[in-house]
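Residue-level structural notes
The primary structure of each chain is shown beneath.
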Amino acid sequence: MASNQSAVDPNPNTKEPLRRVGGLPESGTPVDEMLESLRSERSGDLDWRGGRAFSLVYNADDSELERLQHEVASLFLHENALNPFRYRTLLRMEGEILEMARGLFGAGYAGLTSGGTESIFMAVQTARDHAVERGITSPNLVCAITAHPAFAKACHYLGVQMVTTPVRADGRADPEAFASVIDSSTAIIVASSPCYPFGVIDPVTEIAALAMERDVLCHVDACLGGYLLPFWEALGQPVPPWDFRVEGVTSMSADIHKYGYSFKGTSTVLYRDQDLYQRQIFMYDAWPGGLYASASSAGTRPGSPIAAAWATLTHLGVEGYMRLNRRVLDATLGFRSVIDDTEGVRITSDPDMSVFEFGTDPGADDTPDIGVIGDVMDDLGWNLDRQQGGLHIMLSPGHDRSVDAFRHDLGQAILRRGTAREGVHTYGAVVE
Ligand SMILES: Cc1ncc(COP(=O)(O)O)c(C=O)c1O
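Since we're looking at a predicted model, the values are computed, not measured.

1. Focus: the side chain of S296
Structurally, S296 can be placed in the loop between β9 (292–294) and α10 (303–341). Classification of S296 as buried rests on a relative accessible area of 7%. Here S296 is in contact with L112, T113, E118, M122, Q280 and R301, once residues within four sequence places are set aside.

See the structure below:
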């Protein structure tokens, strides 16, 4: 067997140091010393528990849930769900998560993935392969410009052409614009429930009807809304049809690590029919290592996110999700009323849930710069992502405690004049 000879001393008995160790330290760091230094280092990182952070972490603000997640994560920390038959507890948990997801959204088939992007990759890959089988050589995907960048990424990696259309004045995808660009190479069209930038649900019924009429697939991206909207509706909020109850919807993505309130690393991808779902299953035995089978793009899969997702869904149940989402609703009404009451700013759409953008009010006499408002809010400890047209807000249960502070600080920020320090936020980052 070949080994990395150049990195290792060829003679293990010599006392000569290893060559080419790169950044690996010569001697290790003791545990307590390291923990202390990490605690100190991360004290400057974004505080997701403080009620001033948005979108990167969904703070359920539930100490029992957090305790459960920590315990379960450490129980399953070293287990690998690559071969679930070796870890039967994970296998059972995964099966039960998928059963809960299918029931919640009315889907026939479901798979577990590591996040929204992987779920979207699976849906684009299954649509591509479905199209190729039907004789389409260069498949395309049609979506509104508000679709999450995960679609652009999936199309880029998977050799699918992405065709984007403008949105209507209300920020929702425009079925007429879709109709004008769908062609004989279209594999799939996409609706968001809701889209990230404005929190509005696209007209899923019209888009899915168009998909049926043109004989193409229809994906609903409910990465954000999936695990919230069923409860939002039960809380009496108006929710337009958005899931598999709509005829013509063929697949969906819905993230447990967002409004499912588990920590990062789990999402679900769902299908109406077995035919599509089976296209994401991969089996391979043309190597000497035995039969390799996997149901998504990942190989080795960490046990902790799966176990924590199961524990979170099971611990909370309908009652728990209603309790947490009632708080999200209170926070949403609170933050929206602060913006509505503050002269000079306005919510830039009519959001369907707890996600929205606010910007300067073009009708105001003395219009403040939204970037300057963002800067002042940053200085006051808030973390409002800058979009091209305003600042982004995404509310979690813990934000119901921050409404008064938001009112106070936005009131200060709105008075400031000047030039903004920075433009559009980087939404992600490339670390080399
Ligand atoms: C609507 C929507 N779709 C997809 C994604 C991608 O999810 P992830 O970041 O888990 O890959 C996001 C992330 O915010 C989203 O808001």
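Back to the write-up after that little detour.
2. What to know about the packing of helix α4 (residues 116–133) against helix α5 (residues 149–158)
Between α4 and α5, the least distance of the axes is 9 Å, while the angle of their chain directions is 50°. The orientation of α4 relative to α5 falls into the category oblique. Our pair here, α4 against α5, has a crossing hand that is right-handed. Facing α4, whose interface residues are T117, I120, F121, V124, Q125 and R128, α5 presents A150, F151, K153, A154, Y157 and L158. Grouping the constituent residues of the contact of α4 with α5 by class yields eight nonpolar, two polar and two charged.

3. Observations concerning the site of the ligand
Around the ligand sit 14 residues, and of these G116, T117, D221, H257 and K258 come closest. D221 is positioned such that a nitrogen or oxygen atom in its side chain is 2.7 Å from a nitrogen atom of the ligand. Note that an oxygen atom of the ligand is positioned 2.8 Å from one of the side-chain N or O atoms of H257. Taking 390 Å² as the accessible area of the ligand by itself, protein coverage stands at 86%. At three residues, α4 tops the list of elements feeding residues into the shell around the ligand. Of the residues assigned to the shell around the ligand, the class counts are six nonpolar, five polar and three charged.

4. Notes on helix α11 (residues 370–379)
Because each turn of an α-helix spans 3.6 residues, side chains separated by three or four positions end up pointing in the same direction. Across the ten residues of α11, eight count as buried, placing the element largely inside the fold. The inward-facing, buried residues of α11 abut β10 (345–347), β11 (355–360), β12 (385–386), β13 (391–394) and α12 (403–413).

Definitions and cut-offs
Residues numbered from 1 in each chain as written. Predicted model: local features only at pLDDT ≥ 70, side-chain atom pairs only at ≥ 80, totals over all residues. Heavy atoms only, no water. Helix = DSSP H or I, 4+ residues; strand = E, 2+ residues; numbered from the N terminus. Buried < 20%, exposed > 50% of the residue type's maximum accessible area, 1.4 Å probe, protein only. Contact = heavy atoms within 4.5 Å. Axes fitted to C-alpha atoms, helices over the stretch in contact; angles between N-to-C directions. Parallel < 35°, antiparallel > 145°, perpendicular 65-115°, else oblique. Left-handed = near helix turned anticlockwise from the far one by under 90°. Nonpolar A, V, L, I, M, F, W, Y, C, P; charged D, E, K, R; others polar. Near = heavy atom within 4 Å. Polar contact = N/O pair within 3.5 Å; in protein donor to acceptor, adjacent residues only side chain to side chain. Areas by Shrake-Rupley, 256 points an atom, 1.4 Å probe, with all protein chains shown as cover.

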